[in-house]
Amino acid sequence: MSSPRQRNVLIRGVDSDAYEEISSLAKNMGVSVGYLVSQALKTFIALADAGPQLIGLKKDTPGIFSRLVALEKSRRPVFIRHVGRLELSREDLENAEGPLFIIGVDELIFDPSVDTKLFEEKVLRIVDCGKVVIHRGLNKLTVLSKTLFVREIVEII
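So, how was this worked out
- Residues numbered from 1 in each chain as written.
- Predicted model: local features only at pLDDT ≥ 70, side-chain atom pairs only at ≥ 80, totals over all residues.
- Heavy atoms only, no water.
- 1 Å grid on protein atoms, 1.4 Å probe; cavity = no way out; pocket = protein on both sides within 12 Å on 5 of 7 lines; lining within 4 Å.
- Points joined across faces, edges and corners; volume = space filled by probe spheres on them.
- Helix = DSSP H or I, 4+ residues; strand = E, 2+ residues; numbered from the N terminus.
- Nonpolar A, V, L, I, M, F, W, Y, C, P; charged D, E, K, R; others polar.
- Pairing = 2+ DSSP bridges.
- Buried < 20%, exposed > 50% of the residue type's maximum accessible area, 1.4 Å probe, protein only.

Participant: Provide a residue-level description of the layout of surface pockets, including the pertinent values.
Facilitator: Of the volumes computed, that of the largest pocket is approximately 1,200 Å³. Around the largest pocket sit 33 residues that line it, and R7, G34, Y35, V37 and S38 are the ones nearest its centre. Of all the secondary structure elements, the ones that give two or more residues to the lining of the largest pocket are α1 (16–29) and α2 (33–54). Here the lining of the largest pocket takes 10 residues from α2, the largest share from any one element. Classifying every residue of the lining of the largest pocket gives 16 nonpolar, 11 polar and 6 charged.

Participant: How would you sum up the sheet that holds strand β1 (residues 78–81)? Please name residues and give values.
Facilitator: Ordered by their spatial adjacency, 4 strands build an open sheet running β1-β3-β5-β7, and the pairing between neighbours is parallel. Edge positions in the open sheet fall to β1 and β7 (147–148), since each of these has one partner strand only. Two strands pair when backbone bridges link them, and β1 and strand β3 (residues 100–103) are joined in this way by 4 bridges, in the parallel orientation. Paired with R81 across the two strands is I103, which belongs to β3.

Participant: Before we move on, can you summarise the pairing of strand β2 (residues 85–88) with the specific residues and values?
Facilitator: Only one face of β2 is covered, namely the face carrying L86 and L88; the face carrying R85 and E87 is uncovered. The pairing of β2 with strand β4 (residues 107–110) spans 4 bridges and is classified as parallel. Its bridge partner lying in β4, L88 is registered against F110.

Given below as structure tokens:
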């Protein structure tokens, strides 16, 4: 039975080879095709949303220009995914080779050494996470502007 946040859908025009690959991958991972497709859709949505920022353009820049500009190595995202609990410090963020794309973390904690400026510079997106814990020195609205499908934001003193 579907949960309140799930529904059965029929998607027409799905490439049969792609479906077979995702079905095989889901079986190997021990998850349902629906779960895996949901994760893929969430990731695609987040990447599409972050696209212009990946190449250093403002969000309102027309999409055609974003396809013309080459992706600099320093702007390639660093993917962090499927971790139970993760605490990130200022040093962690400063050492990241590119902007962080964090997906599928149960509990994500930013310690007090992380300020809003560094967060804005180093965190591209936080997607499909259970709980994100921030401190009062990190602007909550800035954090929220970079989240998609996050169940809870907790602010501590």
